[in-house]
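Residue strings, one per chain:
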Amino acid sequence: MKLTTIGCGYLGATHAACMAELGHHVLGVDVDAEKVARLRDGDVPFFEPGLADVLRRNIDAGRLQFTTDYHEVAAFGSVHFLGVGTPQQQRGHAADTGHVEAAIDSLTPLLRGQHLIIGKSTVPVGTAASLAQRIAVLAAPGSDVELAWSPEFLREGFAVEDTLEPDRLVLGTDPQRADSIAEQVVAEVYREVLESGTPFIRTDWATAELVKVAANAFLATKISFINAVSEVCEIVDADVSTLADAIGYDQRIGRKFLNAGVGFGGGCLPKDIRAFMARAEELGANQALRFLREVDAVNMRRRGALVDLVADACGGEVLGTNIAMLGAAFKPESDDVRDSPALNVAGQLALRGAPVTVFDPKAMDNSRRMYPMLRYAESASDACEQADVVVVATEWAEFVHMAPEELTPVVRNRVIVDGRRCLDPGMWRSAGWTYSAIGGATRDRISVRPDSREVRRPEGVRGTGGVVVTG
């Protein structure tokens, strides 16, 4: 089939490349000419494992193209995926749907005949209904432009896998439209995926819109729950990791997303739970989601808790203390530093007068743009040169598996603070290091975790927000 993707950022570019990988002919459009030029050259403007190979392979095969011209999009095909961003508003918690509306305004008047627009962006409930009214006004006489909504469920670091092998496919259509073609079209687009057994959930616009934000709100709640429990564990000297293992064996709860740490960040969970709360208030259901305020508050408190833990490791004062910050991205396998707990903590420490040197395997350029006042190194060893305290703030595999002997010759003091509870404390202590971790007491070995079999990366470690799963 011939498909187009509106927006070529993280979601749009990934979707375009993966649709081409499924054998479709795809044209991606974006208003950013520089981004489009890079994509045409096979250069992914962000880091996502495996995406560059998929992109180049399908460009070379002639199945994938990019443009800045909406006229080309309108003439290319009749199925259009909408994948533009919905950031948090600058003066509020609500989602900014301006980019979505602009895309609809640019595309709809150019369409002739029958077309299907499938929204992928994360939007407040009610957006599809509002856009449908917009489409009805903008559509050319005689044209039939249907709108459906199929939210994305991509995990950064696993986006290619999650697009080609999703755990579910959700499609919301106009409940008032009896002649919808959306289900038939989407079934054909994802035929190979659905034949593999992926569940296909058909519903209305509002339910489809709520599925994504509800899922993110639940995951955020689970992460903040264990971090709230860790605050109690710190007071009574209990081990929150053992506690999480124990309750994780309960199949009603599960172990995933139950690692205490510095909390979640990135471009999705924080802004999505805030937008969810804002939309609930607009709808008069503000009481229903009031608990999400505490979820957000717990998450933000963990950043201050890590700053305080580092200060304690320095003897109570960080002024003039050399601190090595290992990690800048909000999670491993990503270069995304939006609302990154690691960088937030690094910035707070710098404001307290500590010289902070940061290293991240993939997020250095983005970090420099966002926090130019920090120092940056080209390797973990360089970052730790003459360090008084080493802080692990993002659970990259190279940090999780590094040996104390790699850093002992370069640091000034053998002190390490585990902001993700991802290290083996016994290994570091036996090497003569002072080890402490956010969340309180730690055992000398990290046990095998339930639900660990879902890890498929060869390095055996991945994280989501405050999560590390080992297997």
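A brief look at the structure comes next. Fair warning: this is a prediction, and the values are worked out from it, not measured in the lab. By convention here, each chain's residues receive numbers from 1 onward along its written sequence. Owing to the predicted nature of the model, reporting of local features is limited to residues with pLDDT of at least 70; listing and counting of side-chain atom pairs is limited to 80 or more, with chain, interface and lining totals taken over all residues. The side-chain values count all of the structure's non-hydrogen atoms but skip hydrogen atoms and water molecules.

### Structural notes on the overall build of the protein
Working step 1: Counting its secondary structure elements, the protein contains 19 helices and 16 strands.
Working step 2: Each radius of gyration reported is based on C-alpha atoms, and the globular scaling rule is 2.2 Å times the count of residues to the power 0.38. A globule of 471 residues ought to have a C-alpha radius of gyration of about 23 Å, and the protein, at 23 Å, matches this closely.
Working step 3: Seen through its principal axes, the protein has C-alpha atoms that stretch 75 × 50 × 45 Å.
Working step 4: Looking at the protein as a whole, 56% of its 471 residues are labelled buried.
Working step 5: Within the protein, contacts between residues separated by at least 24 positions form 71% of all contacts whose residues are at least 6 apart in sequence.
Working step 6: The method behind every accessible area is Shrake-Rupley, applied with a 1.4 Å probe, and residues are considered shielded solely by the protein chains displayed. Looking at the protein as shown, the accessible area adds up to about 19300 Å², and 51% of this sits on carbon and sulfur atoms. Helix and strand labels come from DSSP, where a helix needs a run of H or I of at least four residues and a strand needs a run of E of at least two; each type is numbered from the N terminus. The cut-offs for exposure are 20% and 50% of the maximum accessible area for each residue type, with area from a 1.4 Å probe on protein chains only; residues under the lower value are buried, those over the upper are exposed, and the others partly exposed. Two residues form a contact once any of their heavy atoms are found within 4.5 Å.

### Looking at the nonpolar core
Working step 1: Here, the term nonpolar core denotes a set of buried Ala, Val, Leu, Ile, Met, Phe, Trp, Tyr and Cys residues that are joined through side-chain atoms within 4.5 Å. Counting 56 residues, the largest nonpolar core has Leu-306, Met-325, Leu-326, Leu-349, Val-356, Val-390 and Ile-416 as the members making the most contacts within it.
Working step 2: Residues in contact with Val-356, not counting those within four places in the same chain, are Ile-323, Met-325, Ala-346, Leu-349, Ala-350, Leu-374 and Arg-375.
Working step 3: Counting residues in hydrophobic clusters, the runner-up holds 36 residues, among them Leu-3, Ala-148, Leu-171 and Val-186.

### So, a nonpolar patch on the surface
Working step 1: Taken together, the side chains of Val-232, Ile-235 and Val-236 make up a nonpolar region of the molecular surface, amounting to roughly 330 Å² of accessible area.
Working step 2: Topologically, Val-236 is positioned in helix α10 (residues 205-236).
Working step 3: With a relative accessible area of 55%, Val-236 lands in the exposed category. Two joining distances apply to patches: 9 Å for like charges and 5 Å for nonpolar side chains (Val, Leu, Ile, Met, Phe, Trp, Tyr), and every residue must have over 30% relative accessible area and no salt bridge. Within this document, salt bridges are pairs made up of a side-chain nitrogen of Lys or Arg and a carboxyl oxygen of Asp or Glu, the two lying within 4 Å of each other.

### Overview of the pairing of strand β10 (residues 356-359)
Working step 1: The alternating pattern of β10 places Val-356 and Val-358 on one face and Thr-357 and Phe-359 on the opposite face, and all of these are buried.
Working step 2: Here, any two strands with at least 2 DSSP bridges between them count as paired. Here β10 runs beside strand β11 (residues 375-376); their pairing, made up of 2 bridges, is parallel. Looking at the pairing, Val-358 lines up with Tyr-376 of β11.
Working step 3: Handedness of a crossover is defined as follows: with both strands directed away from the viewer, a clockwise route from the first strand across the helix to the second makes it right-handed. In this fold, the crossover linking β10 to β11 by way of helix α15 (residues 364-370) has right-handed handedness.

### Some words on the packing of aromatic side chains
Working step 1: Planes of paired rings set the category: under 30 degrees apart is stacked, over 60 is edge-to-face and the rest tilted, where pairs are Phe, Tyr or Trp rings (Trp by its six-membered ring) whose centres lie within 6.5 Å. Tallying each qualifying case throughout the model produces 4 aromatic pairs.
Working step 2: When the centroid spacing of 5.1 Å and the interplanar angle of 50° are considered together, the rings of Tyr-10 and Phe-46 count as tilted. Of this pair, Tyr-10 sits in helix α1 (residues 10-21) while Phe-46 is found in the loop between α2 (33-40) and α3 (51-60), placing the two residues 36 residues apart along the sequence.
Working step 3: As a reminder, the over-ring test applies to NZ of lysine and CZ of arginine, requiring each to be within 6 Å of the ring centre and within 35 degrees of the ring normal. Sitting over the face of the ring of Phe-158, Arg-155 holds its NZ or CZ atom 4.4 Å from the ring centroid.

### Here's the deal with the pairing of strand β13 (residues 415-418)
Working step 1: Residues Val-415 and Val-417 line one face of β13 and the alternating positions Ile-416 and Asp-418 line the opposite face, and both faces are buried.
Working step 2: Pairing analysis gives 3 bridges linking strand β12 (residues 389-392) to β13, with the strands arranged parallel. Counted as the bridge partner of Val-392 is Asp-418 from β13.
Working step 3: Where β13 lies against strand β14 (residues 434-437), 4 bridges are found, and the strand directions are parallel. Across the sheet, the residue bridging to Val-417 is Ser-436, located in β14.
Working step 4: A crossover links β13 with its parallel partner β14, the connecting element being helix α19 (residues 425-430), and its sense is right-handed.

### Looking at the sheet that holds β12
Backbone hydrogen bonds are what pair the strands of a sheet, in a parallel or an antiparallel way.
Working step 1: Ordered by their spatial adjacency, 6 strands build an open sheet running β11-β10-β9-β12-β13-β14, and the pairing between neighbours is parallel. Edge positions in the sheet fall to β11 and β14, since each of these pairs with one other strand and no more.
Working step 2: Inspection of the sheet shows strand β9 (residues 323-326) paired to β10 by 4 bridges, in the parallel sense. Bridging from a neighbouring strand, Ile-323 pairs with Val-356 of β10.
Working step 3: Each axis is a line fitted through C-alpha atoms, and for a helix only the stretch in contact is used; angles between axes span 0 to 180 degrees, taken between their N-to-C directions. Along the sheet, helix α13 (residues 291-313) contacts β9, β12, β13 and β14; its crossing angle with β13, the most-contacted strand, is approximately 165°.
Working step 4: Packing of helix α14 (residues 341-351) onto the sheet brings it into contact with β9, β10 and β11, and relative to β9 it is tilted by some 170°.

### Quick word on helix α5 (residues 98-107)
Working step 1: Within the span of α5, buried status applies to Val-100, Ala-103, Ile-104 and Leu-107. In a view along the axis of α5, the buried residues occupy a sector of 100°, so they form one face of it. This arc describes the spread of directions from the helix axis toward the C-beta atoms.

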